[in-house]
Amino acid sequence: MAWQPELVRRVDAAGNPTASLGHALVDDYLEFVAARCRPNTLLATAYDLKVFFSAVSKEPTDVVTADIFAFITAQKKPRRGPKVVRLEDGEAGLSARTIKRRLASVSGLFGYLMTRDDVTIQRNPVPVGLANRRRSSNRGAPLLRTPRTLPRVLGPGEVEAVLGTLNTARDRAMVLAMLLGGLRRCEVLGLRLGDLSPGERRVFISEGKGGHQRLIPISAQFFTAVGDYLDSERPPVDHDRLFVVLRGPTRGKPLSPAGLDEILEGAQRRTGLTRLTCHQLRHTCLTRLREAGMALEAVQAQAGHRSIESTRIYIHLANSWLAEQYLQASAAIDADRTGV
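Note that the structure is a prediction, hence the values are computed from the model and not measured.

What follows concerns the pattern of salt bridges. Counted under the stated rule, the structure contains 13 salt bridges. Arginine 116 is paired through a salt bridge with aspartate 118; the nearest N and O atoms lie 2.8 Å apart. Using a relative accessible area of 56% as the deciding quantity, one classes aspartate 118 as exposed. Among the salt bridges present, the one from glutamate 309 reaches arginine 312, with a minimum N-O distance of 3.1 Å. Three or more residues joined by partner-sharing salt bridges are found here, namely Asp28, Arg116 and Asp118.

This is the structure:
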């Protein structure tokens, strides 16, 4: 009988999240991931493996490279009909980024199993790439090509429209944290009262992506909104989490990611925007900082990027940068041509 994965999430005695799929080898790997990665990484890995083994109904030790290619083909099949495609890449199935992430999770599992003495696996069935027809080059073609797309940022009028539709000072403070400070959604929800330094206009990010911490400046507008929220809206609570639920049966509990997403969905409906997400607000902040002349390394520090390559996208999003570079080069070409 084929193994059917079932994702089970629990919290251990120490309050740490755990995940299992009902197979000894896979669950051992998830326990290994839980010990070295953040909770979100654990849950994403568990879900990716569930999707893979639901599609490839085999024991982990029986998976071969042909199964990997079959999985890729299945993931790229149309999800909502062949005529419904994404504008960014024209594909009807899952995006290449999503498939690559799932393959990375699968590859991580087999890399782990290969290091174990009690499991017989000759090689990782997930290929690094495809062989190159040019024998003179050692570099192969990527297994999946992902388009390099620029995220859409909000214009000044759209920003004002969004801020004008928010119903509470709490909502305004959270949006301003992303819009003026470039915080991620998890970083906004992870803020605690002790992380704020109003006098210095700084915020300490203690729960950044990958567990990395940073101390960043934020405009006084954010602290004004936080002050209004603390003075008139935040109910008495027995914890120090900054943003909490304001009404209903969970009043006073820390706000959840779904709760923040619901707030933005409401603002999107009221403004008529086609898209409004936490990451879009973050992109808008970092793009505007770059447009205003902030050094790329400073933008990197503000954003909490581990690599400067992740920050370079904001060079291209900043319209004034490209225009200025082009005009300077064009003027030099004209001067050389005319001999001036």
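It is worth spelling out unusual backbone geometry at this point. We note that arginine 201 has phi near 55°; this positive angle belongs to a residue other than glycine. Examined against the element boundaries, arginine 201 turns out to sit in the loop between β5 (196-197) and β6 (202-205).

Attention shifts here to the pairing of strand β2 (residues 17-20). For strand β1 (residues 8-11) and β2, the ladder comprises four bridges, and the chain directions are antiparallel. Considered in β2, the bridge of valine 11 is made with proline 17. Linking β1 to β2, which pair antiparallel, is a turn of five residues; within it glycine 15 sits at a positive phi near 90°.

A few words on the nonpolar core. In this structure, Leu183, Leu191, Val203, Phe222, Phe243, Leu276 and Leu281 are the most contacted members of the largest nonpolar core, which totals 41 residues. Among the elements that line this core, the one with the most residues is helix α6 (residues 169-181), at eight residues. The contacts of leucine 183, once residues within four sequence positions are left out, are Ala177, Met178, Val188, Leu191, Ile205, Ile216, Ile218 and Arg282. Within the second largest apolar cluster, 31 residues are counted, among which are Val26, Val33, Phe53 and Val106.

Interhelical geometry of α6 versus helix α10 (residues 278-291) gives an angle of 40° and a closest axis separation of 6 Å. Relative to α10, the element α6 is oriented oblique. Here Val175, Met178, Leu179, Leu180 and Gly181 of α6 come into contact with α10, specifically with Cys278, Leu281, Arg282, Thr284 and Cys285. Tallied by class, residues from the contact of α6 with α10 come to seven nonpolar, two polar and one charged.

In this section: the side chain of serine 105. You can see serine 105 is positioned in helix α4 (residues 96-114). According to the relative accessible area criterion, serine 105 is buried, its value standing at 8%. Side-chain polar atoms of serine 105 contact the side chain of aspartate 48, separated by 2.8 Å. Those residues in contact with serine 105 that sit more than four places away from it in its chain are Tyr29, Thr45, Asp48 and Leu49.

Turning our eyes to something else, we now look at helix α8 (residues 220-232). Helix length check: α8 (13 residues) gives 19 Å between terminal C-alpha atoms against 18 Å at 1.5 Å per residue, within 8%. Along α8, the residues classified as buried are Phe222, Phe223, Ala225, Val226 and Tyr229. Looking straight down α8, one finds its buried side chains confined to an arc of 160°; they lie on one side. Across α8 from its buried face, at more than 90 degrees, point the exposed residues Asp231 and Ser232. Tucked inside the fold, the buried residues of α8 contact α6, β5 and β6.

Turning to its location among the elements, leucine 246 is positioned in the loop between α8 and α9 (257-271). Beyond its immediate chain neighbours, meaning those up to four positions away, leucine 246 contacts Thr168, Arg170, Tyr229, Glu233, Arg234, Pro235 and Arg251.

A few words now on the confidence of the model for the chain. Across the chain, pLDDT averages 86, with 87% of residues at or above 70. Within the chain, the lowest mean pLDDT, 61, falls on strand β3 (residues 129-130), and the highest, 97, falls on α6.

Taking 1.5 Å per residue as the helical rise, α10 with its 14 residues ought to reach 20 Å, and the 20 Å between its terminal C-alpha atoms agrees with that figure. For α10, the tally of buried residues reaches ten of 14 residues, placing the bulk of the element in the interior. When we look at burial in α10, the residues that qualify are Cys278, Gln280, Leu281, Arg282, His283, Thr284, Cys285, Leu286, Thr287 and Arg290. Glycine 293, located one to two residues past α10, shows a positive phi value of around 100°.

Spatially, three strands are ordered β5-β6-β7 in an open sheet, and the strand pairing comes out antiparallel. Since the sheet does not close on itself, it has two edges, and those belong to β5 and β7 (214-217), each with one partner. Taken together, the four bridges between β6 and β7 define a ladder with antiparallel strand orientation. Residue pairing for β7: phenylalanine 204 is matched across the bridge by leucine 215.

Thresholds applied
- Residues numbered from 1 in each chain as written.
- Predicted model: local features only at pLDDT ≥ 70, side-chain atom pairs only at ≥ 80, totals over all residues.
- Heavy atoms only, no water.
- Salt bridge = Lys/Arg side-chain N within 4 Å of Asp/Glu carboxyl O.
- Buried < 20%, exposed > 50% of the residue type's maximum accessible area, 1.4 Å probe, protein only.
- Helix = DSSP H or I, 4+ residues; strand = E, 2+ residues; numbered from the N terminus.
- Pairing = 2+ DSSP bridges.
- Core = buried A, V, L, I, M, F, W, Y, C linked by side-chain atoms within 4.5 Å.
- Contact = heavy atoms within 4.5 Å.
- Axes fitted to C-alpha atoms, helices over the stretch in contact; angles between N-to-C directions.
- Parallel < 35°, antiparallel > 145°, perpendicular 65-115°, else oblique.
- Nonpolar A, V, L, I, M, F, W, Y, C, P; charged D, E, K, R; others polar.
- Polar contact = N/O pair within 3.5 Å; in protein donor to acceptor, adjacent residues only side chain to side chain.
- Expected span 1.5 Å × (residues − 1).
- Arc of directions from axis to C-beta.
- pLDDT = per-residue confidence, 0-100.

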